[in-house]
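Understanding the architecture of this molecule
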Amino acid sequence: MATVILGGGIIGLSIAYHFSELKPDLAASHQIHVVDSASELLLSASGYAGGFLAKDWFSPASASLGELSFNLHKELAATHDGARKWGYAPSKVYSLAIDSRGMGKQAKDEDWLQSGTSRSGVAPSSADGATGPGAGADRHEMVNDDGSPAWFTRQRNGTLEVLDDEGNCAQVEPRQLCQWLIERCKERGVQIHTGCVACSIFKNAEGKVAGIKVRKDMEIYEKHAKNIVLAAGAWTPKVFQSIFHDSKFRIPVTPLAGYSIVVRSPRLTKPILDLSQHSGGTPVGISHAIYCNPSPNWAFAPEAFSRLSADGKPEIWIGGLNDPGLQLPDTANGAASLRDKNKSEEMRKAMVAMTGLSRQGDNLQVDDLETKREGLCFRPISRSGYPIISKVPANALGKDIEMEEDGGVFVATGHGPWGISLSLGTGLVMAELLIGRKPSADISRLAIR
Ligand SMILES: Cc1cc2nc3c(=O)[nH]c(=O)nc-3n(C[C@H](O)[C@H](O)[C@H](O)COP(=O)(O)OP(=O)(O)OC[C@H]3O[C@@H](n4cnc5c(N)ncnc54)[C@H](O)[C@@H]3O)c2cc1C
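First things first, this report covers the structure right here in the doc. (Residues numbered from 1 in each chain as written. Predicted model: local features only at pLDDT ≥ 70, side-chain atom pairs only at ≥ 80, totals over all residues. Heavy atoms only, no water.)

Observations regarding the pattern of salt bridges
The cut-off we apply is this: Any carboxyl oxygen of Asp or Glu that lies within 4 Å of a side-chain nitrogen of Lys or Arg is treated as forming a salt bridge with it. Comment: elements are numbered from the N terminus, with helices defined as DSSP H or I runs of at least four residues and strands as E runs of at least two. Relative accessibility decides the category of a residue: with a 1.4 Å probe and only protein chains considered, values under 20% of the type maximum give buried, values over 50% give exposed, and everything between is partly exposed.
Taken as a whole and assessed by the stated rule, the structure comprises 14 salt bridges. Arg-184 is paired through a salt bridge with Glu-187; the nearest N and O atoms lie 2.6 Å apart. In this pair, Arg-184 and Glu-187 are both assigned in helix 7 (residues 174–188), 3 residues apart and thus about one turn of the helix distant. A residue is classified by how much of its surface remains accessible, and Arg-184, at 19% relative accessible area, is buried. Of the residues examined, Glu-187 reaches a relative accessible area of 59% and is grouped as exposed. Taken together, the salt bridges that share partners define one network made up of Arg-264, Arg-307, Glu-315 and Lys-372.

Things to note about the site of the ligand
Applicable threshold: By convention in this text, a residue qualifies as near a molecule or strand provided that one of its non-hydrogen atoms is within 4 Å of it. Pairing of N or O atoms within 3.5 Å defines a polar contact, subject to two protein rules: one partner must be a possible hydrogen donor and the other a possible acceptor, and residues neighboring in sequence count only if both atoms are side-chain atoms. Here the Shrake-Rupley method, with its probe set to 1.4 Å, supplies the accessible areas, and only the displayed protein chains count as covering residues. Polar here means any residue outside two lists: the nonpolar Ala, Val, Leu, Ile, Met, Phe, Trp, Tyr, Cys and Pro, and the charged Asp, Glu, Lys and Arg; Gly therefore counts as polar.
Taken together, 34 residues are adjacent to the ligand, and Asp-36, Ser-44, Ser-46, Gly-416 and Ser-421 come closest. Contact distances for the ligand include 2.5 Å between an oxygen atom and a side-chain N or O atom of Ser-46. Within the complex, 98% of the 1000 Å² of free accessible area of the ligand lies under protein. Take the shell around the ligand: its biggest share by element is 3 residues, from strand 19 (residues 370–382). Split into classes, the residues belonging to the shell around the ligand amount to 18 nonpolar, 13 polar and 3 charged.

Points about helix 8 (residues 236–243)
The criterion, for reference: Directions drawn from the helix axis to the C-beta atoms are what define this arc.
The set of residues buried in helix 8 consists of Thr-236, Pro-237, Val-239, Phe-240 and Ile-243. Along the axis of helix 8, the buried residues cluster in a sector spanning 165 degrees; they form a single face.

Focus on the side chain of His-415
Heads up, the rule is: By definition in these notes, contact holds between two residues if any of their heavy atoms fall within 4.5 Å.
Following the sequence through the fold, His-415 ends up in the loop between strand 21 (408–413) and helix 10 (423–435). Contact partners of His-415, with chain neighbours within four places excluded, come to Ile-11, Pro-380, Pro-387, Ile-389, Leu-422 and Thr-426.

Describing the packing of helix 4 (residues 60–80) against helix 10
Condition: Only the contacting stretch of a helix is used when fitting its axis, a line to C-alpha atoms as for every element, and angles between N-to-C directions run 0 to 180 degrees. Any angle between 65 and 115 degrees counts as roughly perpendicular, while under 35 counts as roughly parallel, over 145 as roughly antiparallel, and the rest as oblique.
Where helix 4 contacts helix 10, the two axes come as close as 7 Å, and the packing angle between them is 105 degrees. With respect to their mutual orientation, helix 4 and helix 10 come out roughly perpendicular. Of the residues in helix 10, those in contact with Leu-65, Leu-68, Ser-69, Leu-72, His-73 and Leu-76 of helix 4 are Ser-423, Leu-424, Gly-425, Thr-426, Leu-428 and Val-429. Along the lines of polarity and charge, the residues of the contact of helix 4 with helix 10 split into 7 nonpolar, 5 polar and no charged.

Brief notes about the packing of aromatic side chains
Rules: Whether two aromatic rings pair depends on their centres lying within 6.5 Å, for rings of Phe, Tyr and Trp, where Trp uses its six-membered ring; planes under 30 degrees apart make the pair stacked, over 60 edge-to-face, and the rest tilted. Lysine and arginine charges are scored as sitting over a ring when NZ or CZ, respectively, is within 6 Å of the ring centre and within 35 degrees of the ring normal.
Evaluated as defined, the whole model comprises 14 aromatic pairs. An aromatic cluster is present here, built from Phe-52, Trp-57, Phe-58, Tyr-291, Phe-305, Trp-317 and Trp-418 joined pairwise through their rings. Of note, Arg-175 hangs over the ring of Tyr-48, and the distance from its end group to the ring centre comes to 5.0 Å. Here Arg-188 stacks its cationic end above the ring of Tyr-17, 4.4 Å away from the centre of that ring.

Topic: helix 4
What counts is decided by this rule: Helix span is expected to be 1.5 Å times the residue number reduced by one.
In this model helix 4 runs 31 Å from its N-terminal to its C-terminal C-alpha over 21 residues, within 8% of the 30 Å that 1.5 Å per residue would give. Residues of helix 4 that are buried include every one of Ala-61, Ser-62, Leu-65, Gly-66, Leu-68, Ser-69, Phe-70, Leu-72, His-73, Leu-76 and Ala-77, and no others. Directly beyond the C-terminal end of helix 4, a positive phi value near 60 degrees is found at Asp-81.

Re the pairing of strand 15 (residues 303–308)
This is how the line gets drawn: Being paired, for any two strands, means DSSP has found at least two bridges between them.
Taking burial as the measure, the 6 residues of strand 15 include 5 buried ones, the bulk of the element. Sheet topology places strand 15 next to strand 16 (residues 314–323); 6 bridges connect them, and they run antiparallel. Residue pairing across strands places Ala-304 opposite Ile-318, the latter belonging to strand 16. Connecting the antiparallel pair strand 15 and strand 16 is a turn made up of 5 residues, with Gly-312 showing a positive phi of about 85 degrees.

Re the sheet that holds strand 8 (residues 197–203)
Reading across the sheet, the 3 strands line up as 8-9-10 and stay open at both edges, with antiparallel pairing between neighbours. Of all strands in the sheet, those with a lone pairing partner are strand 8 and strand 10 (219–224), marking the two edges. Across the sheet, the mean angle separating the axes of adjacent strands is 30 degrees when strand polarity is ignored. In this structure, strand 8 lies alongside strand 9 (residues 209–216), joined through 6 bridges in antiparallel fashion. The residue of strand 9 that forms the bridge with Val-197 is Arg-215.

Comments concerning the nonpolar core
Let me state the cut-off plainly: The nonpolar core is taken to be a set of buried Ala, Val, Leu, Ile, Met, Phe, Trp, Tyr and Cys residues, with the residues joined through side-chain atoms within 4.5 Å. A domain assignment, automatic or from a database, supplies the domain bounds used here.
By size, the foremost hydrophobic cluster in this structure holds 65 residues, and its most contacted members are Ile-15, Phe-52 and Trp-57. Residue assignment places this core across two domains, with domain 1 (3–46 + 175–252 + 384–446) and domain 2 (89–171 + 255–382) each supplying three or more. Formed by 34 residues, the second largest nonpolar core is a distinct cluster that contains Tyr-259, Ile-290, Val-352 and Leu-369.

Regarding the pairing of strand 11 (residues 227–230)
Neither face of strand 11 is open: one carries Asn-227 and Val-229, the other Ile-228 and Leu-230, and all of them are buried. Pairing analysis gives 4 bridges linking strand 11 to strand 21, with the strands arranged parallel. Bridge pairing in strand 21 links Val-229 to Phe-410.

Concerning the environment of Phe-52
Within the secondary structure layout, Phe-52 lies in strand 3 (residues 52–54). A relative accessible area of 3% places Phe-52 in the buried class.

Here you go:
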């Protein structure tokens, strides 16, 4: 019998990708479904996120998954030309301190996002021994004399320090990675349904769960399923409650809204190459990530990433401005209309301060940037600070709910600020849980107890 994955963000797609790889027969016979409530995919966090990937910036509970996932990103990109198709590139990483403001406020582990400081606080201390900023970089006009990227405007009294290197960090263009996953899933026969809201379960003659009912355009459809996987990002608790009405169990995940902008800059018009890393005679493209603490130039902790898009053109993604009070809309379609004009302006001001044209002798940058995309989306933040990847215990589903012996309800959510990095690993371990195989990473601390 079929498997229904609720949610077609990067987590749901990665699960469908790995599950259809492990069970091609199920995919080919149209028994793997991805069901999403939005009218189209990628209107959510996975379509607007930065694509920063880290190997070992995680807390012990998710460290094994983090490393697995980092390696899977690298392998997938190497096997399927990810550099060209979804902008996969190793990343140099810097932290910027201005006037040393905010440095004393550095938060460790999962606290950094909630306390409004920089992600740089979770970088492993081994990074202190990283090579200098310029090591190996192609010294053309895209890179400053010290090797830092020329698209980043030098900040008065600012100190740019290398935080980690290309061995441990990389970047992707997440929307393009998702699009690639969608294409592969479709080719294998995975069924993708948009505009469908899961409403309840239905039962078979023996009183066991036989699938879920979904509503599309005012009609109710039954989707037979042995396994139900909830991977609806910040909406997952709501989806769980809407299906298992009687359950007292609550998935401990809340939304955190974040703004982002993608721009093109006249100071970044061609890929930055690392001439020291030749793969088959071709220099490797590298990306840059710069993490900043709050400073006199911006009130929040911006993250600026240069990356390649699939058309081969470099672009700059900037985010870091959050809105903790913002309520989750009913569907991802509702997110764009929630954008606050003042916050969008604050975001743009910070972006211009970080990447605008610098005029000699003053600290005022000119906005000569071309906007490609602006976004507001919701991260799924778990109470523990690390993801929940688990089968839901039968007694948490509510009274009179019995699954088939070889089926179950599963959850993969709560990836917070790390869902892109942890996506491929999450997809693989969830697919392994679905087929009853030992997961490739230690996810014992990510289980629902
Ligand atoms: C500004 C910002 C920057 C980020 N940068 C990074 C980064 O650099 N690196 C990194 O690793 N992570 C980053 N993240 C985090 C990352 O984007 C998320 O962790 C990840 O995208 C979550 O993926 P998801 O598939 O769980 O959720 P989502 O992408 O939110 O997808 C959930 C899907 O579920 C669907 N859905 C909702 N309700 C239902 C329903 N009732 N039934 C069916 N489907 C439903 C939605 O329509 C959506 O398609 C960032 C996040 C933000 C906000």
